[in-house]
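Read off the chains here:
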Amino acid sequence: MSEFPIHPVPPHFADAHINAKTYAALYQRSIDDRDGFWADMATEFLSWDQPWHTVVEGDFSKGEARWFGGGKLNVSYNCIDRHLPERAGQTALIWEGDNPADSEHISYSQLHERVCRLANVLRARGVGKGDRVCIYMPMIPEAAYAMLACARIGAIHSVVFGGFSPTAITDRILDADCRTVITADEGRRGGKVVPLKTNVDTALTSCPNVHTCLVVRVTGSTQAWQEGRDIWYHEATTEVARECSPELMDAEDPLFILYTSGSTGKPKGVLHTTGGYLLQAAMTFKYTFDYREGEVFWCTADVGWVTGHTYILYGPLANGAISLMFEGVPTYPDAGRCWEIVDKHQVNTFYTAPTAIRALHAVGDAPVKRSSRDSLRLLGSVGEPINPEAWEWYYRVVGDSRCPIVDTWWQTETGAQMITPLPGATDLKPGAASMPMFGVELALLDEGGAEIEGAGAGYLVIKSSWPSQIRTIYGDHQRMVETYFSHYPGYYFTGDGATRDQDGYYWITGRVDDVLNISGHRMGTAEIESALVLHEDIAEAAVVGYPHDIKGQGIYCFVTPMDGVEPSESLRAELVALCATEIGAIAKPDVIQWAPGLPKTRSGKIMRRILRKIAENEVGNLGDISTLADPSVVDHLVANRVHPE
Ligand code: WTA
């Protein structure tokens, strides 16, 4: 816990949507009268074509949850059409290009037309309710149109982050049997181009079921073209009608699949549904960010991650908000870019990841001080624990000690924020995700699975269903039950550790499983290990994380070459390249240490605890190594360890 001072709720948040009193009362109600609470929220936040008959049913201990049974609604209608009477001319999306000279305002009526046209194109290609559509896009407005167009016709989108490799695209397309892909010729990021269509072409050589590939023209570079399959977006969308009737969806119909990494095996397709997801996206957006009519909200995430889904698109648009979407990176053309954008578009709330804050902090205050940032009212953090030093810098320098920071804890699987301070209700403790959101029942468990009372540290679990809960892992329901609902029967297991202090604040300490968090991106050690051992010269690999000043965690690989293979710099470079082609650039190892042997128990299990200590350079106390089959391998690893920083 930090010795940093507590920041009380500032006076200018006295009239926030939620204050300390209303938080306590509403939270209590959300637990005591769960059905009544969520029914009221569902009425307040969403427009239903048909009311539900049952708020929630299902056996939580089996991971079953059905919310708003019998209810019908359409997500795109809720995010666009219903706002038109009041806000047709109001901006829905502000797009800021990678190049500071490029930006565009898209009004709700323009959004309506563009989403309808694309939805009509998809329908004309035979895409309908329940069909899966892969979206592999740069951060351009068409990415938002694509997601909303799928929602409009009841198709299930699977957005694949634009930084993933062709192999990763293939895996995801095949897993969900997507038959349609929406992409762009190229993306622009930090002054460089990303060959998206080329990557898709490579991926599609192994995906025979894909019949349609819609391509947005961004850079205009020449592309290979498969007649019949490949279609220019700008041509197809002009040939269809500008109105498209939204498909009537059941509350429990799937809205999207989003792949995320776990501690074992390949990434899994987390499935979210229509009513519950949209409700919790909408509610958390309004309350966590204390969103006010007409404010400009900027979430810097990529739409390829859940944060982009929930807080660039669905949460803001369900509230009729103005959401800023940024194509580029915080350091291009220079480290002042974010603050220039804040001034240019008069951003009121800025929501980013600790890794970006640390990177900008490292450059110093000058690029921040060049801007006024007078429009800022609130700051947010998401994706990984924020160290109190970075928090203080963000608060003092970026927010001029005026803007509260909401440090929001949640996951792809939770769909929406679960733990966060509320700016008008919660005194801020730097580094603490703080308090459960409405309807979120938390507990900390000890090793044996017993609930810890009062202050203490343990495994963070959730005790009862919430509307935007993961419904299944696409195509593998059993894996969902095993991953989240069988470690501690009766609880949803988050995979995170946390501490609760004497005031009831939660402090997330990080993953307790074999999942890494690299610059806020989730990555399974198993995925990187499988990539490394694809190399014919490699016998075995074990990957662990180590603390990294900017990225939060770095990737440290212990690699055993085949007998007779001499480790070399070129082999090292090939392994780094292999991770990039198998997964994506974000999976490139920071450290590769050659390991003639790995520390294994007599039953052959790798003792990662020891490897983690070596990677962290904490070799003074390696703990008990007597159960190792060959304790001498440890000496070799310790003697040859790499000090990453
Ligand atoms: C971590 C991102 C500490 C955590 C929304 C979680 C955090 C994983 C925070 C989910 C936070 C997210 N403080 N840790 N405020 N937010 N995490 O699925 O380990 O990409 O389990 O969702 O990120 O990552 P995911």
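Per an unreviewed UniProt entry, the recorded name for the chain is Acetyl-coenzyme A synthetase, and the organism is Kineobactrum sediminis. Taken verbatim from the UniProt record of the chain, the Sequence similarities (unreviewed entry) comment is "Belongs to the ATP-dependent AMP-binding enzyme family." Quoted straight from UniProt, the Catalytic activity (unreviewed entry) entry for the chain says "acetate + ATP + CoA = acetyl-CoA + AMP + diphosphate".

As for the packing of aromatic side chains
Throughout the structure, instances matching the rule amount to 42 aromatic pairs. Look at Y287 and F438: their rings are 5.9 Å apart centre to centre, the planes differ by 80 degrees, and that puts the pair in the edge-to-face class. Placement of the pair is Y287 in helix 10 (residues 274-288) and F438 in the loop between strand 20 (405-408) and strand 21 (442-445), with a sequence separation of 151 residues. The pair formed by Y287 and F438 is uniform in burial state, with each residue classed as buried. With a centroid separation of 5.3 Å and 20 degrees between ring planes, the pair formed by W391 and Y395 is classed as stacked. Linking W391 with Y395, this pair stays in helix 15 (residues 388-398), spanning 4 residues, or about one helical turn. An aromatic cluster is built from Y23, Y27, F37, W38, F45, W48, W52, W67, F68, Y287 and F438, whose rings are joined through pairwise contacts. Over the ring of W232 we find R217; its NZ or CZ atom is 5.8 Å from the centre of that ring.

Regarding the sheet that holds strand 21
Strand-to-strand pairing in sheets goes through backbone hydrogen bonds, with the strands running parallel or antiparallel. Overall, antiparallel pairing links the 4 strands, which are arranged 21-22-24-25 in an open sheet. Each having just a single partner strand, strand 21 and strand 25 (506-511) make up the two edges of the open sheet. Going from strand to strand, the sheet's axes swing by 45 degrees on average, the running direction of each strand aside. Summarising the sheet, strand 22 (residues 456-462) and strand 24 (residues 492-500) pair through 6 bridges and their orientation is antiparallel. Looking across to strand 24, one finds that Y459 is bridged to G497.

Looking at helix 16 (residues 477-485)
Residues spaced three or four apart along an α-helix point in a common direction, a consequence of the helix completing one turn every 3.6 residues. Turning to helix 16, its buried residues are R479, M480, V481, Y484 and F485. Considering only its buried residues, helix 16 is in contact with strand 15 (268-273), strand 23 (472-473) and strand 24.

Quick notes on the rules
- Residues numbered from 1 in each chain as written.
- Predicted model: local features only at pLDDT ≥ 70, side-chain atom pairs only at ≥ 80, totals over all residues.
- Heavy atoms only, no water.
- UniProt positions renumbered as here; feature names shortened; annotations may be inferred.
- Phe/Tyr/Trp six-rings, centres within 6.5 Å; stacked < 30°, edge-to-face > 60°.
- Helix = DSSP H or I, 4+ residues; strand = E, 2+ residues; numbered from the N terminus.
- Buried < 20%, exposed > 50% of the residue type's maximum accessible area, 1.4 Å probe, protein only.
- Lys NZ or Arg CZ within 6 Å of the ring centre and 35° of its normal.
- Pairing = 2+ DSSP bridges.
- Axes fitted to C-alpha atoms, helices over the stretch in contact; angles between N-to-C directions.
- Contact = heavy atoms within 4.5 Å.

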